[in-house]
Amino acid sequence: MKIAWFCIPAHGHTNPTLSLVKELTGAGHQVYYFSFQMFREKIEQAGAVFIGCDGYDFDMEDQENADRVGKDKVFATELLVSSTLALDEMTTEKIGAIKPDVIVSDSVAFWGKLVAMKHRIPYVSSTTTFAFNRFSAKYMKETPWDIVKMLIALPKINKQIRRLREKGYPVKGLLEIVQNDNETNTIVYTSKYFQPCSDTFSDRYRFIGPSIRPITEPFKKEAEKTVYISMGTINQNKEFYRNCVHVFGETDWQVIISMGTNTEHFDHLPDNIRIYESVDQMAVLSIADAFITHCGMNSVSEALYFQVPLVLFPQTPEQGAVAKRTEELGAGVRLRSISEEDILEATKEILYNPAYKDGAVKVSESFHACGGPGEARVFLEEIAGRG
C-alpha cells in the first residue's frame, strides 16, 4: 500500500502521527510524507519518504501564521486555500508519480483533502484535536463577532474557491473543504470516552487513543508532591510565571517549570523550584501529581495517560474545548485567574482532593483500552483495499 500524507508545520499536529507512520512502514507499506524541513529527521526516522513543502510561497511556514490558524477561521481559510494553489503544481506531479492508494491529511491541512478530491483518491482525515461535528462543535465557543467576521469575508473566500475550481479542484463551497461528515474516514488520536459527543460519530471514525512517546531522560521525584507547569511554547505570560514561583516557593512541593526561552527572567529561585527551557514531558508527567497546562490536546492527553489531574488554563477556543471536557470528566479544575491565591487554591484542590485523580485514572484506562496505531493501520488497509 502507498500512502501520501499531508500535515501542517506544527509539532502538535505532526508528533501524534509518527507512531502510526512507523507502524505502517514497519508493516511494509510506503508512506510519502509532505511536510517541512524542521520535521524531516523525525519523519524519516519513522520510515517515511520526506517530501518538502518549503519554498513554495507557502505562508504556513511562518510560525505566527501557523498558530493564528487555530484562532481565526477566516484567516485560516484564506491562508490554506492560497497554500493549496501554491503547492498545486508540485503535488500534482508527485501524486502522479507516486500513485497512492490512499491520502491521509491533517484535519486542517485542507490542501491534502483537496488533492484527494482532485485526483479521486480515497481520503482519510488525521485529527489530532477532538473530532468536531454539529454536536461537539458546541464545545468551541463561537461568538457572534466570529460569525459576522466570517460573513464579511465570504466574498473574498468565494473568490478563492473559484480559483481552486479553475485549477481542477471540484469544490462547491467552503464547508465542503473545512468540514468532515459521517461519511469521512477519520482517525482520531483520543478515546471515545474522552471525545465529546462520541455517540454522534459513525463507525468511519476510529478513536485510536493518544500517541505517547517513550521516556528518554528520566526525572527524579524529590518530594511527596510534584507539580509540573507548562504553557506551551507560545505563552510568555511573565506575571503568571512570577506568581507561580512566588506562591509555590513557600510550599514543600517539587515544582518543575518548562518555560521555553523565557527563563532569564528568574535568577534567584526557591530551592524547590527548577525552571527549564524544555523537558522530556513524558518523564516529568510520570512523576507528577498535578499539571498546570494551557490545555493543548497533546499535553492534556499525555498527562491523563499518566493519570495526572490538571489545573486548566486554556488560551484558545480549541484549548477551551479540551478544558471543558476534562472538567466534565472530573479530571481537572479551571484556573479562575492568575492571582497567587487562585493558583494556589486550584493546585491544592487537584493535589488533595482524590476525586480528580480518580477522574484522571478513568480517562487513562480508556486510552489504554484503545487499539492504537495497529487499529489505524488495519483501517487504512481496508480503505486502500476498497479503493
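For the structure, see preceding data.
Residues numbered from 1 in each chain as written. Predicted model: local features only at pLDDT ≥ 70, side-chain atom pairs only at ≥ 80, totals over all residues. Heavy atoms only, no water.

**A few points about the overall build of the protein**
Argument step 1. Helix and strand counts for the protein stand at 15 helices and 13 strands.
Argument step 2. With 387 residues in all, the protein has 53% of them scored as buried.
Argument step 3. Partitioning the intrachain contacts of the protein with sequence separation of at least 6 by distance along the chain shows that 64% fall at a separation of at least 24.
Argument step 4. Put simply, the protein shows about 17,600 Å² of open surface, and 49% of that area lies on carbon and sulfur atoms. (Helix = DSSP H or I, 4+ residues; strand = E, 2+ residues; numbered from the N terminus. Buried < 20%, exposed > 50% of the residue type's maximum accessible area, 1.4 Å probe, protein only. Contact = heavy atoms within 4.5 Å. Areas by Shrake-Rupley, 256 points an atom, 1.4 Å probe, with all protein chains shown as cover.)

**Some remarks on the sheet that holds strand β1 (residues 2-6)**
Argument step 1. Read from one edge of the open sheet, 7 strands run β3-β2-β1-β4-β5-β6-β7, paired in parallel fashion. Two strands close off the open sheet at either side, each with one partner strand: β3 (49-52) and β7 (205-207). Averaged over neighbouring strand pairs, the angle between their axes works out to 20 degrees when direction is ignored.
Argument step 2. Pairing of strand β5 (residues 123-127) with strand β6 (residues 185-188), which is carried by 4 bridges, proceeds in the parallel orientation. Paired with Thr127 across the two strands is Val188, which belongs to β6.
Argument step 3. Each of β1, β4 (102-106) and β5 is contacted by helix α6 (residues 110-119), which is oriented at about 160 degrees to β4, the strand it contacts most. (Pairing = 2+ DSSP bridges. Axes fitted to C-alpha atoms, helices over the stretch in contact; angles between N-to-C directions.)

**Re the pattern of salt bridges**
Argument step 1. Following the criterion strictly, the structure yields 11 salt bridges and no others.
Argument step 2. Linking Glu23 and Arg377 is a salt bridge whose minimum nitrogen-to-oxygen distance equals 2.7 Å. Within this pair, whereas Glu23 is found in helix α2 (residues 18-26), its partner Arg377 is found in helix α15 (residues 372-386), the two being separated by 354 residues in sequence.
Argument step 3. Note that Arg325 is salt-bridged to Glu328, the shortest N-O span being 2.9 Å. Within this pair, Arg325 and its partner Glu328 are both found in helix α12 (residues 317-328), separated by 3 residues, close to a single helical turn.
Argument step 4. Classification of Arg325 as buried rests on a relative accessible area of 13%.
Argument step 5. Classification of Glu328 as partly exposed rests on a relative accessible area of 41%.
Argument step 6. Beyond isolated ion pairs, a larger network of salt bridges with shared partners links Glu23, Arg377 and Glu381. (Salt bridge = Lys/Arg side-chain N within 4 Å of Asp/Glu carboxyl O.)

**Observations concerning the packing of helix α11 (residues 297-305) against helix α14 (residues 354-368)**
Argument step 1. The interhelical angle for the contact between α11 and α14, taken along N-to-C directions, is 100 degrees, at an axis separation of 8 Å. Looking at the two axes, α11 sits roughly perpendicular to α14. Between α11, through Ser301, Leu304 and Tyr305, and α14, the contact on the second element is made entirely by Ala360, Val363, Ser364, Phe367 and His368.
Argument step 2. Considered class by class, the residues forming the contact of α11 with α14 number 5 nonpolar, 3 polar and no charged. (Parallel < 35°, antiparallel > 145°, perpendicular 65-115°, else oblique. Nonpolar A, V, L, I, M, F, W, Y, C, P; charged D, E, K, R; others polar.)

**As for the nonpolar core**
Argument step 1. One finds Val227, Ile229, Phe240, Tyr241, Phe248, Val255 and Ile257 to be the most contacted residues of the largest nonpolar core, which totals 28 residues.
Argument step 2. Breaking this core down by element, the ones donating at least two residues are β8 (226-230), α9 (238-248), β9 (254-258), β10 (273-276), β11 (290-293) and α13 (340-352).
Argument step 3. In terms of residue count, the dominant contributor to this core is α9 (6 residues). (Core = buried A, V, L, I, M, F, W, Y, C linked by side-chain atoms within 4.5 Å.)

**Quick word on α9**
Argument step 1. Buried within α9 we find Phe240, Tyr241, Asn243, Cys244, Val245, Val247 and Phe248.
Argument step 2. Looking at the packing, one finds that the buried side of α9 touches β8, β9, β10, β11 and α13.

**With respect to the side chain of Ser35**
Argument step 1. Residue placement: Ser35 occurs in strand β2 (residues 30-35).
Argument step 2. We classify Ser35 as buried; its relative accessible area is 0%.
Argument step 3. The residues contacting Ser35, other than those within four sequence positions of it, are Ile43, Phe50, Ile51, Gly52, Cys53 and Asp54.

**Regarding the sheet that holds β11**
Argument step 1. Strand order in this open sheet of 6 strands is β10-β9-β8-β11-β12-β13, and the pairing throughout is parallel. Edge positions in the sheet fall to β10 and β13 (332-334), since each has one partner strand and no second. Geometrically, the sheet is characterised by an average inter-axis angle of 15 degrees between neighbouring strands, direction not taken into account.
Argument step 2. Bridge count for β11 against strand β12 (residues 310-312) is 3 bridges, and the pairing is parallel. The residue bridging Phe291 from the neighbouring strand is Leu310, located in β12.

What is shown is where atoms sit, not what they do.
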